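Read off the chains here:
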Number of protein chains: 2
Amino acid sequence: MMMDSPLTMPQMIKRAEMLFSKKEVISRTDKGISRLTYREIAERTRRLASSLEKLGVRRGDKVGTLAWNHHRHLEAYFAIPCSGAVIHTINIRLAPQQISYIINHAEDKVLLLDPDIIPILESCRDEIQGVKAFIIMTDEDTLPETTLSPVYHYEKLIADGDPDYVYPDDIPEQAPAGMCYTSATTGNPKGVVYTHRSIFLHSLALGLADSVALSERDVAMPVVPMFHVNAWGMPFAGAWFGTTQVLPGPNFTPKILIELIEQEKVTFSAGVPTIWLGVLKELETGKYDVSSLRGILCGGAPAPKEMIRRYEQKYQIPFIHGYGMTETSPIVTISKLKSYQEQLPYEERLEIRSKQGLIVPGIEMKVVSAKGEAAWDGREMGELALRGPWIASEYYQDDRSKETFKDGWLYTGDVVTVDGEGFLKIVDRTKDIIKSGGEWISSVDLENALMAHEAVFEAAVVAVPHKKWQERPVACVVLKENASVTEEELLDFLRPQFAKWWLPDKILFLNEIPKTSVGKFLKRALREEVQKVLEAHEGLAAGE
Amino acid sequence: MMMDSPLTMPQMIKRAEMLFSKKEVISRTDKGISRLTYREIAERTRRLASSLEKLGVRRGDKVGTLAWNHHRHLEAYFAIPCSGAVIHTINIRLAPQQISYIINHAEDKVLLLDPDIIPILESCRDEIQGVKAFIIMTDEDTLPETTLSPVYHYEKLIADGDPDYVYPDDIPEQAPAGMCYTSATTGNPKGVVYTHRSIFLHSLALGLADSVALSERDVAMPVVPMFHVNAWGMPFAGAWFGTTQVLPGPNFTPKILIELIEQEKVTFSAGVPTIWLGVLKELETGKYDVSSLRGILCGGAPAPKEMIRRYEQKYQIPFIHGYGMTETSPIVTISKLKSYQEQLPYEERLEIRSKQGLIVPGIEMKVVSAKGEAAWDGREMGELALRGPWIASEYYQDDRSKETFKDGWLYTGDVVTVDGEGFLKIVDRTKDIIKSGGEWISSVDLENALMAHEAVFEAAVVAVPHKKWQERPVACVVLKENASVTEEELLDFLRPQFAKWWLPDKILFLNEIPKTSVGKFLKRALREEVQKVLEAHEGLAAGE
């Protein structure tokens, strides 16, 4: 038979050191640019692992990080799991009470943090009594003033660490290696635990020619934070494959990103649409050379088609749309054309590539509609369910697991259609979809159509209860300054684009639409507001 | 934690059907070209699986194949393991007594065979009593005359099969999926058992951008037989990724291969050096367009540097050197330049790419010399040892396993050097290396140097026992017709190229060098012959 060699992480960093000792990890810091080779990174990683052990970190212990994208964070990415502990990357943008909740829930024993995070942790130090050590990842020679205690200097631990530390060779592949919490619609964040096996396999998926094809030739810059689903796995796969990595450090701006691309000849980058919108705006000033880029991976939210067009037509930078979530490590789909689709006119190709794409090898999907499994016709909607070796099977010690994980599948909460070629398109969230008379209406499709009207600044569509149809769509519209349009004019504008029963029963004109801190519509609040308005005015909310 | 979704094969063929239903498998047959889509292949695969079950094939049973590269063989590649049985691919070029040995040793219950194999099996039918059914994979509507019994028509089984057969979903990933026997230096062939997990992971390795980057865009033609280490895994990975496959069928010639490349716009092919030497000779006639090829994968034996140069410089076809063996699934190394090596002059690049290359992600290696682990200096020699999830842990029910598998490593029997960049180069077989005074001398290096002399047709170097130095090299040389050279002239020719102690103690001139049926030097026989000659003539063999 075959060897039962475990799919574990120590061999990933060992390969970086053995085969790519000269390749670099380039980090932007407050003080400038640092360059370390994988030989240096690998040694520092062993030193860190030994120092953490001396601090009392044992197999299975959680070590939290609160940090930007930089080489020290990358060292922690390998030192912690390779020594048998678990790296818990914490979103530094969360509120202090959420941060203390997840530190306690994960039972983090040690925290590694950037200097700018100190105030946040000082503010909640009393709530996180389980933390036995704070390690400051600073560029300065001395520690900053802080009330945190006990506190250690990262570079001192590196200097005192054992360069010849040997990673244990008996870590089972199913052992936990990492953790990341994802925000919940209601209640506290929910934890996802990654295993050595899941990270190993997900890294291979990132290297596939048909996926993002991450390779030794790449100079890869993950803009997506290392506290967001492991920067989509790029730091792990990049080290394994010998990819040059460019880590943009703290508080970067679009201008800083573009300058890094220019100076370091970045070939591949990854981030959410808002990042690329900002970069595009800066690029349009026209003073930059970004011709080294072979591709940009974009996910986290659907990218506007016009942005994709602009990158490709003006800058010749292929835009690769992908889909995933914290629970999926995250790569699930990648939107690349099939070879025979390359012949299509650009508009059709753009339309396909604006979808979320095809599932990558290793992942299985089904699309669950009201009637069973949705047809692959590009129209029937259903909730996307996933399974595979880098898909979570549960939330970490959380009763809410049973709402999401059923019969061996992860129910994503995303409503999708699948076209005849198997390209998946996200059309809504299950909680936002409008269920009207046994059919589903996509709030997102209606919103996009409304926002294409010249008078409309933004639009949100929500479901309101209806006696006969169960739910009906109602649109809320904010007009552009000095613009005007009537409800009937907007409905006329929508009519040619949708089936009659899709049209909103009512269009309300608002001054603003309530949003979350990251700019997403707060549909729950909006729905309540709409219902109040409707009840007050005409009783439509009750379906009369 | 993460789902424990097994790494098994049914999802590979399901993905081909779901996402690449229009892509084709193109087979050359005696009657012309057949084209089947993955939708058709997948349905035929299910029909075959159900018919095999009806014939009594159960979980874990071995089903042998004796067949060329064609779509029916590909169907067997998935139908058999996906239903829980084990596909045992049998080398049709072996002698009948070897074929009957491995059929009996593997306990094959059913055999699928091409019509031209019938005479071989008829000749050993009495020895393979365990075989309960013979299935003929013929293009004809009726079965050929045969004494084999009971005999079935493959297409009849497909027609009678269940198109809605459902593969079991409870196959463990460590379950056996395939088998292949490899020839031994002495004694019977030795069996290697592949698992679902090993085939799944090896297929991912084939898709890596830094490996062979097999992709949906490729039109891949495995020339390496499907009875040789699963055609290096290409049929499995190709189906999973939606690659168009071109299977060259029975008794192909270089001309037939080139015509297939031309007509089907093959982008990628794979085979042993002798194939590519033949193709090169045919290409030199200059009437072909092979510009569709993006690469050729070559392994099984080191490819001559001059052949690589010719393909690249005259035909602009990148030649990718790889290394592996039956025991390793087979991909272990791939020789692609690192990005910073691209700047080197062509001769240096060619020198690097003529080596066997870098280990692919997932595989670990060590090089065991007389003194421990060999230095990575491009000079110190040692035996290559490997481990990883697609490396065998034993030979199937074979006492010889303990000679090859030790301490969790596969000892390959190949002597290699590793340069400072980690590129591995095969310099000899352990049984042929000459151990002189605690140092190793490569017989292959001396042979290549001798064969570069204009008077030498071929040369073989063997070890003879020596009292003081343990072993010393002796060269056997066959001269070209009408050429002449003296022993001293040849030694003078070698002198500038090697350390003094590398030079052969004696050069013998022979009329021919004993060879195996596939043209390799029979060094064991040669060594005996040399010793007789030396004992008779001068007693040098005894080191006096």
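Parameters at a glance
Residues numbered from 1 in each chain as written. Chains lettered and ligands numbered in written order. Predicted model: local features only at pLDDT ≥ 70, side-chain atom pairs only at ≥ 80, totals over all residues. Heavy atoms only, no water. Core = buried A, V, L, I, M, F, W, Y, C linked by side-chain atoms within 4.5 Å. Buried < 20%, exposed > 50% of the residue type's maximum accessible area, 1.4 Å probe, protein only. Contact = heavy atoms within 4.5 Å. Helix = DSSP H or I, 4+ residues; strand = E, 2+ residues; numbered from the N terminus. Expected span 1.5 Å × (residues − 1). Arc of directions from axis to C-beta. Pairing = 2+ DSSP bridges. Axes fitted to C-alpha atoms, helices over the stretch in contact; angles between N-to-C directions. Least-squares fit on C-alpha atoms with pLDDT ≥ 70 in both. Buried area = accessible area lost by both parts, 1.4 Å probe. Salt bridge = Lys/Arg side-chain N within 4 Å of Asp/Glu carboxyl O. Nonpolar A, V, L, I, M, F, W, Y, C, P; charged D, E, K, R; others polar. Phe/Tyr/Trp six-rings, centres within 6.5 Å; stacked < 30°, edge-to-face > 60°. Parallel < 35°, antiparallel > 145°, perpendicular 65-115°, else oblique. pLDDT = per-residue confidence, 0-100. Polar contact = N/O pair within 3.5 Å; in protein donor to acceptor, adjacent residues only side chain to side chain.

Colleague: Got a minute to help me understand the nonpolar core in this structure?
Modeller: Within soluble globular proteins, side chains that are nonpolar generally end up buried alongside one another. Residues Phe78, Leu112 and Leu297 of chain A together with Phe78, Leu112 and Leu297 of chain B are the most contacted members of the largest nonpolar core, which totals 192 residues. Apart from the residues lying within four places of it in its own chain, the contact partners of Phe78 of chain B are Met9, Met12, Ile13, Thr45, Pro235, Phe236 and Ala239 of chain B.

Colleague: When you look at helix 17 (residues 523-537) of chain A in this model, what are you seeing that I'm missing?
Modeller: In an α-helix there are 3.6 residues to a turn, and that puts residues three or four apart on one side. Residue and element names in this part refer to chain A. Given a rise of 1.5 Å per residue, 15 residues ought to cover 21 Å, and the 21 Å separating the end C-alpha atoms of helix 17 matches this to within 8%. Taken residue by residue, helix 17 has Lys523, Leu526, Val530 and Leu534 as its buried positions. Buried positions in helix 17, seen along its axis, are confined to an arc of 65 degrees and lie on one side of it. The exposed residues of helix 17 that point more than 90 degrees off its buried face are Glu528, Lys532, Glu535 and Ala536. Buried residues along helix 17 sit in contact with helix 15 (443-451), strand 25 (456-466), strand 26 (470-479) and strand 27 (506-509).

Colleague: Explain the sheet that holds strand 8 (residues 176-182) of chain A here, please?
Modeller: For sheets, the rule is that strands pair by backbone hydrogen bonds, running either parallel or antiparallel. Residues and elements named next belong to chain A. Ordered by their spatial adjacency, 7 strands build an open sheet running 7-6-5-3-4-8-9, and the pairing between neighbours is mixed. Two strands lie at the open edges of the sheet, namely strand 7 (151-153) and strand 9 (190-195), each paired on one side alone. Neighbour to neighbour, the strand axes of the sheet diverge by 25 degrees on average, direction disregarded. Bridge count for strand 4 (residues 86-89) against strand 8 is 3 bridges, and the pairing is parallel. Residue pairing for strand 8: Ile87 is matched across the bridge by Gly178.

Colleague: Even after reading the chapter, I still don't get the relation of the copies chain A and chain B, so can you show me in this structure?
Modeller: One copy of the chain maps onto the second through a rotation about an axis and a displacement along it. For these two chains of identical sequence, chain A goes onto chain B by a turn of 180 degrees and a shift of 0.0 Å along the axis, with RMSD 0.1 Å. Both copies are brought into coincidence by an operation consistent with a two-fold rotation axis. Taken together, the interface assignments show that 100% of the residues at the interface of chain A recur at the interface of chain B, consistent with an identical surface on both copies.

Colleague: What is the right way to read the interface of chain A and chain B from this model?
Modeller: Many descriptions give the size of an interface as the accessible area lost when the pieces come together. Taken together, the 65 residues of chain A in the interface contact 65 residues of chain B. Approximately 5400 Å² of surface area, both sides summed, lies buried where chain A meets chain B, with 59% of it carried by carbon and sulfur atoms. Its largest share of buried area at the contact with chain B, chain A owes to Met1, Met2 and Met3 of chain A, together 18% of the area lost on that side. Linking chain A with chain B are 6 salt bridges, by the criterion used here. A salt bridge links Glu421 of chain A to Lys22 of chain B; the nearest nitrogen and oxygen atoms lie 2.4 Å apart. Counting only elements with at least two residues in the side of chain A that touches chain B, the list comes to helix 1 (10-19), strand 9, helix 7 (196-207), helix 9 (234-241), strand 16 (358-359), strand 19 (382-387) and strand 21 (409-418) of chain A. At 6 residues, the largest contribution of residues to the side of chain A that touches chain B is made by helix 7 of chain A. A class-by-class count of the residues in the side of chain A that touches chain B yields 36 nonpolar, 14 polar and 15 charged.

Colleague: For this particular structure, what's the right way to read the packing of aromatic side chains?
Modeller: Given two aromatic rings, their pairing is described by the distance between the two centres and the angle made by the two planes. Here the structure, examined in full by the defined rule, presents 19 aromatic pairs over all chains. Ring geometry for Tyr77 of chain A and Phe236 of chain A: centres 4.8 Å apart, planes at 35 degrees, overall tilted. Of this pair, Tyr77 of chain A sits in helix 3 (residues 71-82) while Phe236 of chain A is found in helix 9, placing the two residues 159 residues apart along the sequence. With a relative accessible area of 2%, Phe236 of chain A lands in the buried category. Between Phe498 of chain B and Trp502 of chain B the ring centres are 5.5 Å apart and the planes differ by 15 degrees, which places this aromatic pair in the stacked class.

Colleague: Help me out: how do you make sense of the packing of helix 1 of chain A against helix 7 of chain A in this one?
Modeller: Packed helix pairs are specified by the crossing angle of their axes together with the interaxial distance, meaning the distance between the axes. Residue and element names in this part refer to chain A. Relative to each other, helix 1 and helix 7 sit at 45 degrees, their axes nearing to 10 Å. Judged on the interaxial angle alone, helix 7 and helix 1 are oblique. Mapping the contact onto sequence places Pro10, Gln11 and Met12 in helix 1 and His196, Ile199, Phe200 and Ser203 in helix 7. For the contact of helix 1 with helix 7, the residue count by class is 4 nonpolar, 3 polar and no charged.

Colleague: How should the sheet that holds strand 4 (residues 86-89) of chain B be read in this particular structure?
Modeller: Residues and elements named next belong to chain B. Here we have 7 strands laid out as an open sheet, ordered 7-6-5-3-4-8-9, and mixed in their pairing. Of all the strands in the sheet, the pair left with one neighbour each is strand 7 (151-153) and strand 9 (190-195). In this sheet, neighbouring strand axes are inclined to one another by 25 degrees on average, regardless of whether the strands run parallel or antiparallel. With 5 bridges connecting them, strand 3 (residues 62-66) and strand 5 (residues 108-113) associate as parallel partners. Within strand 5, the position partnered with Lys62 by the bridge is Asp108.

Colleague: Looking at this structure, I do not really get the confidence of the model for chain A. What am I missing?
Modeller: Atomic detail in the predicted coordinates should be set aside for any region of low pLDDT. For chain A, per-residue confidence averages 94 on the pLDDT scale, and 98% of positions sit at 70 or higher. Reported confidences for the modelled complex are a pTM of 0.94 and an ipTM of 0.93.

Colleague: Would you explain the side chain of His453 of chain B in this entry?
Modeller: When you line up the elements, His453 of chain B lands in the loop between helix 15 (443-451) and strand 25 (456-466). Apart from the residues within four sequence positions on either side, His453 of chain B is in contact with Val485, Leu490 and Phe493 of chain B.

Colleague: Got a minute to help me understand the side chain of Arg353 of chain A in this structure?
Modeller: Residue and element names in this part refer to chain A. In this structure, Arg353 sits in helix 13 (residues 346-353). The exposure class assigned to Arg353 is buried, which follows from its relative accessible area of 11%. Among the polar contacts made by the side chain of Arg353, one reaches the main-chain carbonyl oxygen of Phe319 at a distance of 2.5 Å.

Colleague: Would you mind going over the pattern of salt bridges with me for this structure?
Modeller: Once their charged atoms are close, side chains differing in charge can pair, the charge on each being opposite to the other. Taken as a whole and judged by the stated rule, the model has 78 salt bridges over all chains. Salt bridges here are not isolated pairs; linked through shared partners, they connect Arg44, Arg72, Glu75, Asp139 and Glu155 of chain A.

Colleague: Any chance you could explain unusual backbone geometry here in plain terms?
Modeller: With the exception of glycine, the majority of residues adopt a negative phi angle, and the majority of peptide bonds are in the trans configuration. The omega angle of the peptide bond from Ser149 of chain A to Pro150 of chain A is -10 degrees, so this bond is cis rather than trans. Here Pro150 of chain A lies in the loop between strand 6 (133-136) and strand 7. Following Ser329 of chain B, the chain continues into Pro330 of chain B via a peptide bond in cis, with omega recorded as 5 degrees. Relative to the elements of secondary structure, Pro330 of chain B occurs in the loop between strand 14 (319-323) and strand 15 (333-335). Although it is not a glycine, Glu107 of chain B sits at a positive phi angle of roughly 60 degrees. Residue placement: Glu107 of chain B occurs in the loop between helix 4 (96-106) and strand 5. Owing to a relative accessible area of 54%, Glu107 of chain B belongs among the exposed residues under this scheme. Although it is not a glycine, Asn251 of chain B sits at a positive phi angle of roughly 45 degrees. As for its position among the elements, Asn251 of chain B is in the loop between strand 11 (244-247) and helix 10 (254-264).

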